[in-house]
Each structure stands twice: as structure tokens, then as C-alpha cells.
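Spelled out from the first residue to the last, the chains are:
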Amino acid sequence: MHGKADENRPLSTKAAVPDWYQAGLAHVWLPYAQMKTANPPLPVVRTSGNRIVLADGRELIDGIASWWTACHGYNHPHIRDAVEVQLQKLPHVMFGGLAHEQALTLARRLVALLPGGLDRVFFSESGSVSVEIAMKMAMQYWANRGVRGRTKFVAFKGGYHGDTTGAMAVCDLETGMHGAFAGYLPQNHIVDLPRGEAMTGALDNLLTREADAIAGMIVEPLVQGAGGMLFHDASVLRTLRRLADKHEVLLIFDEIFTGFGRAGTMFACEAADVVPDIVTLSKALTAGTLPLAATIARRPVFDAFWSDDPAHALMHGPTYMGNALACAAANASLDLFEREPRLQQVAAISAALTKDLEPCRAMPGVRDVRVRGAIGVVEMQRIEDLDGWRRRFIEEGVFVRPFGNVIYLTPPFTITADELACLTGAVRKVIASIGAKCDGT
Ligand SMILES: Cc1ncc(COP(=O)(O)O)c(C=O)c1O
């Protein structure tokens, strides 16, 4: 059960708190959390469909799909079966000197799905690492071609590309969460996205001046996720492609969030009809089951590494690269995209989010409401007590986690109309009850 009947129950009564939780909590360090003051995490004992089941028996409807991964909901039997079969046969072998069916099949299928020319897949195990690899590929692409000094990147305000060093260095350090490391990180150009003539002109000028030192530009196409769920038009991506070609810098699309239908099409680059030189994928790649990421390069990028000189090789190789269980999960997830009407479901979610979040626009404290694909966003003037908001959503029987000044929904694509109505209803209700405190005026 979710929702009202359980509304007044405390988050976890003593009896409902499992022993493992009591014994282990003091020994874990949680993500993006001030450990002293953050709400304690909720003990989860099971997932099922689009629900998260807590130790005290409550079920929360998931509004986030576990950081945008669980696109087919949880515990999908087709993915579970594929992973179980793989576990019996071959859970993992190193990818150096050995190859296996799941990874090679997945590489072939990803290439077939992506637009033309993106045809070499380098596997890794997290989004941030796939971004590091894309950046290494871009820098070494130039070095292998005998061009020295192209070691910087252009990235965009509002952007987020991960938490490792290179990835942090292409995040927006001013508005993002990695400002503390600014002094340590390599310096890149973090500029406005080319929206309109003035910003396009500014980027053109920057590239005219600096292209000799720039390896590539990196962008989250259509939606900048963790930087604030900010949207831009496909025309921005076409401008980036034009400027990248004009100034001969590589164009990297980070589709870790937008890939696999989240922004409305299978990949955001399709919506813009733009082919990047390198693309990064992760998150929904394994549908929220196992860690896996991929960095996929176009033929000319790969060709710069194809040489008789060992020094021209890409020196990267994560231990769990191409993990067979994760690749089996990803192949099973692609089967589901083929067999089930996922993109139609995304379109239906999009329509429902648009209709049911729109009333928030008139509520106190709300700055903007926007929807793209299966991403619904209500931006507040400001949110001061994030933990208080998060608690209120749990009281409503939904798992929704605002950050910065945005409340957002990115549900599994399998969410039912009733479940989605509970999510949007909870957003309206919580804003109506505490949104007025967010009015910045
Ligand atoms: C666009 C984008 N790039 C990179 C990352 C980093 O991925 P990971 O958390 O798997 O390292 C994220 C994670 O939210 C992301 O949204």
C-alpha cells in the first residue's frame, strides 16, 4: 500500500528497522549528503514494478527510476532471466585478450541503434569514467595525428558530466557542486550554450581564438540534468555541430541521462539530427540493474588510433570493462525496447506530465514548469529545506527527491497512469502546502 492510509506512520518504527540497518549505518558514507544533518536513508527490502518497498512495509511509487536508470521498472523478468543464465555460464572475464558474446553482441547492437558512423564501443563501468574516456580519446586523437597542445575542452554553463577529476573539470563549477575543487582541476572554457546570435557569436569567437588548444566540446544534448534539469532546443546542437566542423574540434554528446528514450527519442542526438564524434552512454543502458557505461566513437576518431605505433593505442582498461552480467542485462534491456512500446509510453508520460504539472505554474513560489520526454520539472524560486521537502514526498507515498531549486519526475517508462497521477498529485499537494515559503520575492 502507498499513500494516505500510511501517511502518519513514522518513517521507521524501531521494530521495522532491520538489524543490518542498525548495525551498518554508522559505517557507510552516503552520496551528496551532509552526513550530520541529512535525513537518514530509508531501509529498502524489495523493489517491484514501479515501487520501492520499505522495511516497515510501505511501498513508495518511484518518481526517479533510481537516478534515471530503471526504465523498464524494477525486477523485469526478462532482464532477471538473462542475468541468471549469464551468471551460470560466465559472470565475468577480463576484457584484455579475451572476448565474449554478450559484450560483442551489445557493441554491435548499440552501433546499429546509434546514428551513422558511431561505430566503435569502449566499455567501462560508470558514467563519469565513460566521460573521462571520451576526453582521453579526444585529446589523444589530436596527439596521434601529430597536433600538439589540444588539451582543453569547451563545456557549458549548467552542465554536469560526473564526479571524477576530468569530468568535474567540464562541469559548471560556479553553479554546480564541485566548486571546492576548482583550484585543483584542469582549466577549461565553461561558456553559454549558443542560443541565439550573440551567444553563437561569442562561441565562434572563442573557437577562432583558442581552437589550437581545444580538443573538443562536450554537452548534454537537449537536457542538462543534474545541473538543474535545464532544456535547450535541437537548434543549439546543430549550431554546435556547425561550429565544431568550422573550427575542427571534436563534438562529444554526453547522453548518459538523455539516452534510451528519456528525452523522447531513443537518443537525443536523433531529435536534432546531429551526429557527434563521440557519445557516452550509461544509466538506462542496463535498465538499472548493473553498472555499465560505453564511450562510442565515430570511425575517423578510431582511425587516429589505428597505427603500427604502440604509443598510439588508447591506454585505458577498467578491470570490470565489458562485464558479462552487465552486458547481458543491457542486451535484455534492448530486447525490451524492441518488443515493448517504450517510446510510445514515453510520449504518454510526457503528455500526462504536461497536463498534470501545468497547474503548478500558478502556485506560490513556482518559477517555471517544463516537460521534455519523460522528464517533468517544477522549478521553484528557491528551496531552503530540501530535506523537509523530501520527507513530505515520502509522507505522500512517493519517492521524489528535489535538488537545488527543482522538483522533478523521471519515472520508469512502465509507470501506470494511476501511479503517475499519484506522483503528479503529490507534487501539486506538497507545493501547495509548502511552496509559498519558496517565494523569493
Ligand atoms: C549527464 C551525466 N553525465 C555523467 C554522469 C555521471 O555518471 P555516474 O554517476 O554513473 O558516474 C551523470 C550522472 O548523473 C549524468 O547525468
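Structure: above.
Now for a look at the structure at hand. Just so it is clear, the structure is predicted and the values come from calculations on it, not from any experiment. (Residues numbered from 1 in each chain as written. Predicted model: local features only at pLDDT ≥ 70, side-chain atom pairs only at ≥ 80, totals over all residues. Heavy atoms only, no water.)

1. A short note on the pairing of strand β14 (residues 375-380)
Part 1 of the reasoning: Among the six residues in β14, six count as buried, and that is most of the element.
Part 2 of the reasoning: Every second residue of β14 is oriented toward a common face, with I375, V377 and E379 on one face and G376, V378 and M380 on the other, all of them buried.
Part 3 of the reasoning: Where strand β13 (residues 366-372) and β14 come together, six bridges link them in antiparallel fashion. Across the sheet, D368 pairs through a bridge with E379, a residue of β14.
Part 4 of the reasoning: Linking β13 to β14, which pair antiparallel, is a turn of two residues; within it G373 sits at a positive phi near 55 degrees. (Buried < 20%, exposed > 50% of the residue type's maximum accessible area, 1.4 Å probe, protein only. Helix = DSSP H or I, 4+ residues; strand = E, 2+ residues; numbered from the N terminus. Pairing = 2+ DSSP bridges.)

2. Re the packing of helix α12 (residues 342-357) against helix α14 (residues 417-434)
Part 1 of the reasoning: Direction vectors running N to C along α12 and α14 enclose 30 degrees, while the axes themselves pass 10 Å from each other. Put simply, α12 runs roughly parallel to α14. Helix-helix and strand crossings are classified by hand; for α12 and α14 the assignment is right-handed. In this structure, α12 uses I349, A352, L353, D356 and L357 to contact α14, whose residues at the interface are L420, T424, V427 and R428.
Part 2 of the reasoning: A breakdown of the residues in the contact of α12 with α14 according to their chemical character gives six nonpolar, one polar and two charged. (Axes fitted to C-alpha atoms, helices over the stretch in contact; angles between N-to-C directions. Parallel < 35°, antiparallel > 145°, perpendicular 65-115°, else oblique. Left-handed = near helix turned anticlockwise from the far one by under 90°. Contact = heavy atoms within 4.5 Å. Nonpolar A, V, L, I, M, F, W, Y, C, P; charged D, E, K, R; others polar.)

3. Describing the packing of aromatic side chains
Part 1 of the reasoning: Going through the model one piece at a time under the given rule, you end up with 10 aromatic pairs.
Part 2 of the reasoning: With centroids separated by 6.3 Å and ring planes inclined at 85 degrees, the aromatic side chains of F95 and F123 adopt a geometry described as edge-to-face. Remark: F123 occurs in strand β4 (residues 118-124) and F95 occurs in the loop between α3 (77-89) and α4 (101-113); sequence separation between them is 28 residues.
Part 3 of the reasoning: You can call F123 buried: its relative accessible area is 1%.
Part 4 of the reasoning: Between F260 and F267, the aromatic rings sit 5.3 Å apart at their centres with planes inclined by 65 degrees, giving edge-to-face as the arrangement. Taken as a pair, F260 and F267 share a single burial class, namely buried. (Phe/Tyr/Trp six-rings, centres within 6.5 Å; stacked < 30°, edge-to-face > 60°.)

4. Re the sheet that holds strand β1 (residues 44-48)
Part 1 of the reasoning: Taken together, four strands build an open sheet; the order of strands is β1-β2-β3-β15 and the sheet is mixed. Strands with a single pairing partner mark the edges of an open sheet, and in this sheet they are β1 and β15 (398-399).
Part 2 of the reasoning: Of the pairings in the sheet, the one linking β1 to strand β2 (residues 51-54) comprises four bridges and is antiparallel in character. Each bridged residue has a counterpart across the sheet, and for S48 the counterpart in β2 is R51.
Part 3 of the reasoning: Its contacts with the sheet put α14 on β2, β3 (59-62) and β15, and the angle it makes with β3 is roughly 90 degrees.

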